[in-house]
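This is what each chain is made of:
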Amino acid sequence: MSCNCDSSNQFAPQSPQPDALWDADWMNTLSYRAWRDTLMQLALTRFEWVNVPREIDPRYIELTLVTQGWGAFFEVSPGVLAFCQATQVDNLDMYFDPQAIELIPGNGQCAALGAPWRRECKTRVVPDASGGLEIVEQNAVACFDNMYRTPLIYQIELAARRLARIDRAVDVNVNAQLTPWVGVAKEEAKLDLERYMNQVIGCESVVLTDEGFATDVTATVLPTGAPFVADSLLNVQDRRFNRVCTMLGVDNAFSQKKEREVAGEMDANDEQIYMMRESSLRCRQKACEEANALFHTNMQVRFATRLTDDGQVDFSDEEVNGWNDSTIPDPDA
C-alpha cells in the first residue's frame, strides 16, 4: 500500500497556454490540489513529538503514518534509531498485531544491503533449522496512525475532491451573474460600436454620435437569469470542512450559528473531536511507550494545540530566530 503525497515540483499542475481563455481541467486540478495540500498540512501538524532522537525526522513519522497507515521504530545499527514504513511478512498474531516485518524507506536507501531490513515486532518462539525451537527477540516497534490502522490519506483525498467541487460550483455560479453586452453593427460601423462600448464601460454619462448611429448600431444587455447561490454553497463547504476537522480531531466551529447552539449540541461535537483525537494519539503513545522500553529512549507525543482554557489561541512563545517585536530594529531609526 503506497501513496506518494509529499509535495514536489513534479506534482505541480501546469498552467494553461497563454492563448487559452479558460481551462476547466486545469482549474479543477488546481482546486483539488489546493484543498489536498491544506488538509495534508492539518493532518501532518496535529501531533508534537518530544525527545525524538536527532537522527529521526518527526515530520517523516507523521507523513508515513498519514499516507501509509503505519511504520516502525528500529535500529539500523546498534544505538542508531530509525523510523520508516513497514510491511508484514508473516502471519498476524492472535491480536492482529504484526510479528515479522520488512522495512523499506521511501528512497530505497537499504537497497545497497541487497535486501530490505527485516525485524521482529514481537518476541516469540519459532522453529529453527534443526527442527527445534528458538526464541526470536523483539527488535522493532510498530506505530499505527489510528485504532483501525488504515491510512488517512484516502479520506483526505475524498474530502479534497468534494471541497474542490464546491469551489468550482461557486466559480460557475459567480460567472453566471455576469451581464454581458451584445453589440451588433454593420461592417462600416464597427469602429462606432467599439467607441460606444468604450464609453459605456468607462461610465461616460453622455454619448455623442451622429444621426445614422441608431440605424447602424444596436447594443443590448444579455440577462442570464441565474440565481445567486454561491453563499449557500460556501456554507455547505464550511460544514464539510468542519466535518473533516472533526475527523482529524481539530477543534472547529461545527455550526454556522454557533452562538445559537445549546450546550448539548456543542458538547456532542466536542465528544466527536475528542474521540477522533484519542484514536490517533493512543496509537502514537503506545508506540512511544514500547520504543522507550526497548531502545532506552524518552520519546513522548502530544496533540499540538495552542488553545487556552478560555478558547483563545496562545501565541506567546512564537519568535523568529530568537527575535520578538521588542527586539526588531526600526528601519527608520
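Residues numbered from 1 in each chain as written. Predicted model: local features only at pLDDT ≥ 70, side-chain atom pairs only at ≥ 80, totals over all residues. Heavy atoms only, no water.

1. Points about the packing of aromatic side chains
- Scanning the model with the defined rule gives 6 aromatic pairs in all.
- When the centroid spacing of 5.3 Å and the interplanar angle of 90° are considered together, the rings of Phe47 and Phe303 count as edge-to-face. Of this pair, Phe47 sits in strand E1 (residues 47-50) while Phe303 sits in strand E11 (residues 300-303); the two residues are 256 residues apart in sequence, bridging distant segments of the chain.
- By relative accessible area, which is 7% here, Phe47 ends up buried. (Phe/Tyr/Trp six-rings, centres within 6.5 Å; stacked < 30°, edge-to-face > 60°. Helix = DSSP H or I, 4+ residues; strand = E, 2+ residues; numbered from the N terminus. Buried < 20%, exposed > 50% of the residue type's maximum accessible area, 1.4 Å probe, protein only.)

2. Focus: the pairing of strand E8 (residues 140-144)
- In terms of residue burial, E8 counts as a mostly covered element, since 5 of its 5 residues are buried.
- Every second residue of E8 is oriented toward a common face, with Ala140, Ala142 and Phe144 on one face and Val141 and Cys143 on the other, all of them buried.
- The pairing of strand E2 (residues 70-77) with E8 spans 5 bridges and is classified as antiparallel. Of the residues in E8, the one forming a bridge with Phe73 is Val141. (Pairing = 2+ DSSP bridges.)

3. Notes on helix H6 (residues 230-248)
- Here H6 spans 27 Å end to end across 19 residues, near enough to the 27 Å set by a 1.5 Å rise per residue.
- Taken together, the buried positions of H6 are occupied by Ala230, Gln237, Asn242, Val244, Cys245, Thr246, Met247 and Leu248. (Expected span 1.5 Å × (residues − 1).)

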